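Structure assessment
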Amino acid sequence: MLPDADAAITRDGKALILAYDHGLEHGPVDFEPNPETADPERVFDLATHDAVTAMAVGKGVAEAYYPSYADDVSLLAKLNGTSNLWMGEPDSAVNWSVEYAAELGADAIGFTLYGGSNNEVEMAEEFRDAQEAAREHDMGVVMWSYPRGQGLKNDTSSGTIAYAARLGLELGADIAKVKYPGSPDAMAHAAEMAGPAKVVMSGGSKTDDRAFLETVAGAIGGGANGLAVGRNVFQRENPEEILDALEAVIFEEVSVDEALEHTSTPAVADD
């Protein structure tokens, strides 16, 4: 972890990363709730929103679309990823190099590490190579720190998520992307374990506006430095509205009720 290495993908020390690696990781099913988002151009347009500090995509999408958005979007090159068709012990193929990401204009790299997988050692060594190469190009480093594997019983427990955040610090990430551990106190524990490395919450599966914003607010209140989100933005009918609300919660730290004023969801639930 290096101070300010993530400056290009943060704002006032916080991050809202729009993740769009789902076409590889999950497949077309993730675009069904909002079919127009199968077109990467639609999501790149969303990434120009003031709230978004970086967009995370894989090699092919970056090659095809990023040059048209280079002036308006910070590129987070997601280096590894595996299709949902893979049925073995958790692993993630390295699909492009740091050097090629730098050629395309990436501001930072993203890399998944499955701590606890039988493939952890190999993945950690691959992360080492990517992290050190990123430093040579003055790029920030974001770890998708997702403990999982046949020996792991609870991948969202407070202790497991704190360990995930600590792995980010120990292995040299500037930002660790972790699952929400269930409460602000548990998130505070994870943020403490990450030390000077930032912690951002994974957005996860789509929920309704209020439930999602309450989770984000809880994470921020617990010391998280932001959010890396995909489905909870692009699967919505009006994704710009939720980005307005997220900007209010993450960067302005307003209440959920105030943030909901940016959406079509009532700020106060009906009786």
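Summary of the structure given here. (Residues numbered from 1 in each chain as written. Predicted model: local features only at pLDDT ≥ 70, side-chain atom pairs only at ≥ 80, totals over all residues. Heavy atoms only, no water.)

**Considerations on unusual backbone geometry**
Stated precisely, the cut-off is as follows: Under the DSSP-based scheme used, a helix requires at least four consecutive residues in state H or I and a strand at least two consecutive residues in state E, with every element numbered from the N terminus. In this scheme, a residue with accessible area under 20% of its type's maximum is buried, one over 50% is exposed, and one in between is partly exposed, where area comes from a 1.4 Å probe on protein chains only.
The phi angle at Asp138 is positive, at roughly 55°, despite the residue not being glycine. Here Asp138 shows up in the loop between helix 5 (120–136) and strand 5 (140–145). With a relative accessible area of 70%, Asp138 lands in the exposed category. In this structure, Glu253 is a non-glycine residue whose phi angle is positive, near 55°. With respect to the secondary-structure elements, Glu253 resides in the loop between helix 10 (239–251) and helix 11 (256–260). Look at Glu253 and you get exposed, because its relative accessible area is 52%.

**A closer look at helix 5**
A turn of α-helix holds 3.6 residues, and therefore any two residues three or four places apart point the same way. To keep things clear, this is the line we draw: How far a helix is expected to stretch is found by multiplying one less than its residue total by 1.5 Å. The criterion used for residue contact is that any of the two residues' heavy atoms lie within 4.5 Å.
For helix 5, built from 17 residues, the straight-helix expectation of 24 Å at 1.5 Å per residue is met to within 8% by its first-to-last C-alpha distance of 24 Å. Close packing links the buried residues of helix 5 with helix 4 (98–103), strand 4 (108–113), strand 5 and helix 6 (158–171). A positive backbone phi angle near 55° is found at Asp138, which sits one or two residues after helix 5.

**Considerations on the sheet that holds strand 2 (residues 54–57)**
In plain terms, the rule: For two strands to be treated as a pair, DSSP must find no fewer than two bridges joining them. Helix axes use the C-alpha atoms of the stretch in contact, all axes being lines fitted to C-alpha atoms, and the angles between their N-to-C directions lie in the range 0 to 180 degrees.
Taken in spatial order, the 8 strands of this closed barrel run 1-2-3-4-5-6-7-8, and their pairing is parallel. Mean inter-strand twist for the sheet, computed between neighbouring axes without regard to direction, equals 25°. Two elements, strand 3 (residues 75–78) and strand 4, share 3 bridges in a ladder whose sense is parallel. Looking at strand 4, one finds that Ala77 is bridged to Ile109. On the sheet, helix 10 packs against strand 1 (15–19) and strand 8 (226–229) and is oriented at approximately 150° with respect to strand 1.

**Quick word on the packing of aromatic side chains**
Here is the rule: Note on aromatic pairs: the rings of Phe, Tyr and Trp (six-membered ring only in Trp) are paired at centre separations within 6.5 Å, and the planes decide the class, stacked below 30 degrees, edge-to-face beyond 60, tilted for the rest.
Scanning all chains against the criterion turns up 7 aromatic pairs. For the ring pair Tyr20 and Phe234, a centre distance of 5.7 Å and an interplane angle of 90° mean the geometry is edge-to-face. Of this pair, Tyr20 sits in the loop between strand 1 and helix 1 (22–25) while Phe234 sits in helix 9 (residues 231–234); the two residues are 214 residues apart in sequence, bridging distant segments of the chain. Each member of the pair, Tyr20 as well as Phe234, is classed as buried. When the ring of Phe111 is compared with that of Phe127, the centres are 5.8 Å apart and the planes differ by 70°; the resulting orientation is edge-to-face. With a gap of 16 residues between them, Phe111 in strand 4 and Phe127 in helix 5 connect regions that are remote in the sequence. Like Phe127, Phe111 is buried. Ring pairing ties together the aromatic residues Tyr20, Phe31 and Phe234, which thus form one cluster.

**What about helix 10?**
Over its 13 residues, helix 10 runs 18 Å from end to end, which matches the ideal 18 Å to within 8%, given 1.5 Å per residue. When you tally the buried positions in helix 10, you get 10 out of 13 residues, the bulk of the element. Those residues of helix 10 that sit buried are Pro239, Ile242, Leu243, Ala245, Leu246, Glu247, Ala248, Val249, Ile250 and Phe251. Those residues of helix 10 hidden inside the fold are in contact with strand 1, helix 2 (40–47), helix 8 (209–221), strand 8, helix 9 and helix 11. Glu253 lies just past helix 10 and shows a positive phi near 55°.

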